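# Tertiary structure, described
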Amino acid sequence: MTAETTPETNPAAQNMTTQRPSVLFVCVHNAGRSQMAAAYLHHLSQGRIEVRSAGSAPGDAVNPAAVAAMAEEGIDISANQPQVLTDEAVQDSDVVITMGCGDACPFYPGKRYEDWELEDPAGQGIDGVRPIRNEIKTRIEQLISELLPAVATQN
């Protein structure tokens, strides 16, 4: 018997039998890392996971280097706008992934929290953003495998 993630062994998977799991990505400006992560999760999960992103102090626009880096992957985030982090967004999410927002992210018991330490793409050109994008993609692929176990994805 192979070890599989089940609702009994993965708290974030507990409600998957009745609804899509939901993930919130949070960084300070919601202009780079969290935008790329949300776009990858939406794209790679093919809509099977509800995706949100927000910032504790949202910027005015998505980082142009992040937009360009994602365009290289065939994912268009050029129309995205940074969003402010709200308590409701955290409450409505099963998994909250922080990317450098520190203590600004509200904590609610029963949520799965992860802190992804990733370099900030702010002020970097596309060559500096690509490795960050690639690390995010690797982490997103792992997250999908945890939230959508093989049994659930074969339907």
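Every chain's residues receive numbers from 1 upward, in the order its sequence appears when written. Local features in this predicted model are restricted to residues whose pLDDT is 70 or higher, and side-chain atom pairs enter the listing and the counts only when it is 80 or higher, whereas totals over whole chains, interfaces and linings include all residues. With hydrogens and water stripped out, all remaining heavy atoms of the structure feed into the side-chain values.

### Digging into the overall build of the protein
- Across its full length, the protein carries 5 helices and 4 strands.
- Where helices and strands are cited, they refer to DSSP runs of H or I of at least four residues and of E of at least two residues respectively, numbered from the N terminus. Along its sequence from the N terminus, the protein presents helices and strands in the succession β-α-β-α-α-β-β-α-α.
- Burial analysis of the protein (155 residues in total) assigns 43% to the buried set.
- Computed by Shrake-Rupley with a 1.4 Å probe, the accessible areas treat only the displayed protein chains as cover when residues are assessed. With an accessible surface of roughly 8,000 Å², the protein has 48% of that area assigned to carbon and sulfur atoms. Remark: exposure states derive from per-residue accessible area (1.4 Å probe, protein chains only) relative to the maximum for the residue type, with buried under 20%, exposed over 50%, and partly exposed in between.

### Overview of the side chain of R133
- Of note, R133 is situated in helix α4 (residues 126–147).
- Using a relative accessible area of 6% as the deciding quantity, one classes R133 as buried.
- Should any heavy atoms of two residues lie within 4.5 Å, those residues are counted as being in contact. Those residues in contact with R133, other than ones at most four positions away along the chain, are M36, Y40, A69, M70, E72 and E73.

### A few points about α4
- Each residue after the first adds 1.5 Å to the expected span of a helix. For α4, with 22 residues, the first-to-last C-alpha span of 30 Å sits near the 32 Å given by 1.5 Å per residue.
- Among the residues of α4, V129, I132, R133, I136, I140, L143, I144 and L147 are the ones counted as buried. Buried residues of α4, seen end-on, are gathered within an arc of 115° and therefore sit on one face of the element.
- The inward-facing, buried residues of α4 abut β1 (22–27), α1 (33–45), α2 (64–71), β3 (95–98) and β4 (112–115). This arc describes the spread of directions from the helix axis toward the C-beta atoms.

### A look at the side chain of S45
- As for its position among the elements, S45 is in helix α1.
- Polar contacts involving the side chain of S45 include one to the main-chain carbonyl oxygen of L41, which spans 2.7 Å.
- If near-sequence neighbours (up to four positions away) are discounted, S45 is found in contact with Y40, I144 and L148. We call two N or O atoms a polar contact when they sit within 3.5 Å, provided that within protein one can donate a hydrogen and the other can accept it, with sequence-adjacent residues counted only if both atoms are side-chain atoms.

### With respect to the packing of α1 against α4
- Axis lines are fitted through C-alpha atoms, for helices just across the contact stretch, and the angle between N-to-C directions can take any value from 0 to 180 degrees. In contact at an axis separation of 9 Å, α1 and α4 are set at 45° when each is read in the N-to-C sense. The angle between the axes of α1 and α4 places the two elements in the oblique class. In this structure, α1 crosses over α4, and the sense of that crossing is right-handed. Residues R33, M36, A37, Y40, L41, L44 and S45 of α1 form the contact with α4, whose participating residues are V129, I132, R133, I136, K137, I140, E141, L143 and I144. With respect to orientation, any angle under 35 degrees is reported as roughly parallel, any angle over 145 as roughly antiparallel, any angle of 65 to 115 as roughly perpendicular, and every other angle as oblique. By convention, the crossing between two helices is left-handed when the near helix turns anticlockwise from the far helix through less than a right angle, and right-handed when the turn is clockwise.

### Description of α2
- Among all positions in α2, only A65, A66, V67, A69 and M70 are buried.
- Of the surrounding elements, those touching the buried residues of α2 are α1 and α4.
- A distance of 2.8 Å separates the backbone nitrogen of A65 from a side-chain oxygen at the start of α2, and that oxygen is part of N63.

### Considering the pattern of salt bridges
- Whenever a carboxyl oxygen of Asp or Glu lies within 4 Å of a side-chain nitrogen of Lys or Arg, that contact is scored as a salt bridge. A complete count under the given rule lists 9 salt bridges for this structure.
- Notably, a salt bridge pairs R112 with E114, separated by 2.3 Å at the nearest N-O pair.
- In this structure, D127 and R130 form a salt bridge, with 2.5 Å as the shortest nitrogen-oxygen distance. Of this pair, D127 and R130 both sit in helix α4, 3 residues apart, which is roughly one turn of the helix.

Any functional reading would require information that these geometric values do not contain.
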